[in-house]
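Remarks on the overall topology
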There are 2 protein chains.
Amino acid sequence: MEKMEICPKIEAAMQLLGKRWMGLIIYVLLNGPQRFGQLESCLPISGKLLSERLKELEKWGIVKRQVYPEVPVRVVYELTERGKQMEPIISAIHHWAEHSFSEDDFPVEIKKE
Amino acid sequence: MEKMEICPKIEAAMQLLGKRWMGLIIYVLLNGPQRFGQLESCLPISGKLLSERLKELEKWGIVKRQVYPEVPVRVVYELTERGKQMEPIISAIHHWAEHSFSEDDFPVEIKKE
């Protein structure tokens, strides 16, 4: 089988999703806009790494950061249209995870970074 | 919004796909069984890392390693049934990558590990 050309767009998208916690951050944001603290409390990830991932998702046009000039100021992260279009990916992962394994079949434990 | 419980199965599946190159290895194996050398030549990844990823995919029951006692011995990697069931995930990523970006819209370059 000769060298397979991998479409750069797919490779880039896989690399994005290949970054640890990216999929889970998108999964949580599919439930609606969240403040940083809300994201941090429901994900097994450090604040520093979460903020790095959010910045990258902003760069990709997947997440937008809204600042509300209240006292104290309120900062909310939400999915853009492009981010919402990832919903089929996340539900395909969800479906696969639910249907391809029994409860005691998972070979990996969740490690906190 | 109170603390969101993330289903451990989804979290584990996201972590698996969250490992760099996992998605691409599965993407290539969806084309059929491949020898190690074929995988190595068409993926921008070192042999050492490729072999680590393949071992983990075997542990998850996603890939099986077939040894053919020929001279020289032939070792082929192929997706199991569980691995083939990931096809909807990979095509959802493919569809999103193709339709959510224009050619010059990708903010990331592919780095060889």
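Residues numbered from 1 in each chain as written. Chains lettered and ligands numbered in written order. Predicted model: local features only at pLDDT ≥ 70, side-chain atom pairs only at ≥ 80, totals over all residues. Heavy atoms only, no water.

The next thing to look at is the sheet that holds strand β2 (residues 63-68) of chain A. Residue and element names in this part refer to chain A. Spatial strand order, β1-β3-β2: 3 strands in an open sheet with antiparallel pairing. Edge positions in the open sheet fall to β1 (34-35) and β2, since each of these has one partner strand only. Sitting on the sheet, helix α2 (residues 22-29) touches β1, β2 and β3 (74-79), and the angle it makes with β3 is about 100 degrees. Across the face of the sheet, helix α4 (residues 47-59) comes into contact with β2 and β3 while running at roughly 110 degrees to β2. (Pairing = 2+ DSSP bridges. Helix = DSSP H or I, 4+ residues; strand = E, 2+ residues; numbered from the N terminus. Contact = heavy atoms within 4.5 Å. Axes fitted to C-alpha atoms, helices over the stretch in contact; angles between N-to-C directions.)

Right, let's talk about the interface of chain B and chain A for a bit. Each partner contributes residues to the interface: chain B has 55 residues there, and chain A has 55 residues. Contact between chain B and chain A buries roughly 5200 Å² in total, counting both sides, with carbon and sulfur atoms accounting for 69%. Together, Lys-9, Met-14 and Trp-96 of chain B form the three largest contributors to the area buried by chain B at its contact with chain A, with a combined 15%. In this structure, the connection of chain B to chain A is made through 0 salt bridges. Linking chain B to chain A there are 6 residue pairs in polar contact (both at pLDDT 80 or more). Where the side of chain B that touches chain A is concerned, the elements lending two or more residues are α1 (8-17), α2 (22-29), α3 (36-42) and α6 (87-99) of chain B. Considering each element in turn, the side of chain B that touches chain A owes the most residues, 10 residues, to α1 of chain B. Per-class residue counts for the side of chain B that touches chain A are 33 nonpolar, 11 polar and 11 charged. (Buried area = accessible area lost by both parts, 1.4 Å probe. Salt bridge = Lys/Arg side-chain N within 4 Å of Asp/Glu carboxyl O. Polar contact = N/O pair within 3.5 Å; in protein donor to acceptor, adjacent residues only side chain to side chain. Nonpolar A, V, L, I, M, F, W, Y, C, P; charged D, E, K, R; others polar.)

Residues and elements named next belong to chain B. In spatial order, the strands read β1-β3-β2; together these 3 strands make up an open sheet with antiparallel pairing. The sheet terminates laterally at β1 (34-35) and β2 (63-68), the two strands that pair on one side only. Alignment of β2 against strand β3 (residues 74-79), held across 6 bridges, turns out to be antiparallel. Following the sheet pairing, Arg-65 is matched in β3 by Tyr-77. Of the strands in this sheet, β2 and β3 touch helix α4 (residues 47-59), which is tilted by about 110 degrees from β2.

Here the residue pair Val-71 of chain A and Pro-72 of chain A is connected by a cis peptide bond, since its omega of -5 degrees sits within 30 degrees of zero. Here Pro-72 of chain A is to be found in the loop between β2 and β3.

Moving on, we come to the relation of the copies chain B and chain A. Copies of the same chain, two in number, are related to each other by a rotation about an axis and a translation along it. With an axial shift of 0.0 Å and an RMSD of 0.0 Å, the rotation relating chain B to chain A amounts to 180 degrees. The two molecules are tied by a two-fold rotation axis, judged by turn and shift. Across chain B, the rotation axis passes nearest the C-alpha of Gly-18 of chain B, at a separation of 2.0 Å. Here 100% of the contact residues of chain B are again contact residues in chain A; the copies associate through an equivalent surface. (Least-squares fit on C-alpha atoms with pLDDT ≥ 70 in both.)

Residue and element names in this part refer to chain B. Its place among the elements puts Asn-31 in the loop between α2 and β1. Sequence spacing of Asn-31 and Leu-79 is 48 residues, and the spatial spacing of their C-alpha atoms is 9.6 Å. At 3.3 Å, the side chain of Asn-31 forms a polar contact with the backbone oxygen of Tyr-27.

As a further point, take empty space enclosed by the protein. Evaluation of the coordinates by the stated rule reveals 2 cavities of 30 Å³ or more. The space that makes up the largest cavity amounts to roughly 130 Å³. Of all the elements in the fold, those that place two or more residues in the lining of the largest cavity are α1 (8-17) and α2 of chain A together with α1 of chain B. For the lining of the largest cavity, the class distribution of residues is 9 nonpolar, 5 polar and 2 charged. (1 Å grid on protein atoms, 1.4 Å probe; cavity = no way out; pocket = protein on both sides within 12 Å on 5 of 7 lines; lining within 4 Å. Points joined across faces, edges and corners; volume = space filled by probe spheres on them.)

Moving on: the packing of α2 of chain A against α1 of chain B. At a minimum axis separation of 8 Å, α2 of chain A and α1 of chain B run at an interaxial angle of 140 degrees. In terms of their interaxial angle, α2 of chain A and α1 of chain B are classed as oblique. On the side of α2 of chain A, the interface is formed by Gly-23, Leu-24 and Tyr-27 of chain A, while α1 of chain B contributes Ile-10, Glu-11 and Met-14 of chain B. Here the contact of α2 of chain A with α1 of chain B is built from residues that sort into 4 nonpolar, 1 polar and 1 charged. (Parallel < 35°, antiparallel > 145°, perpendicular 65-115°, else oblique.)

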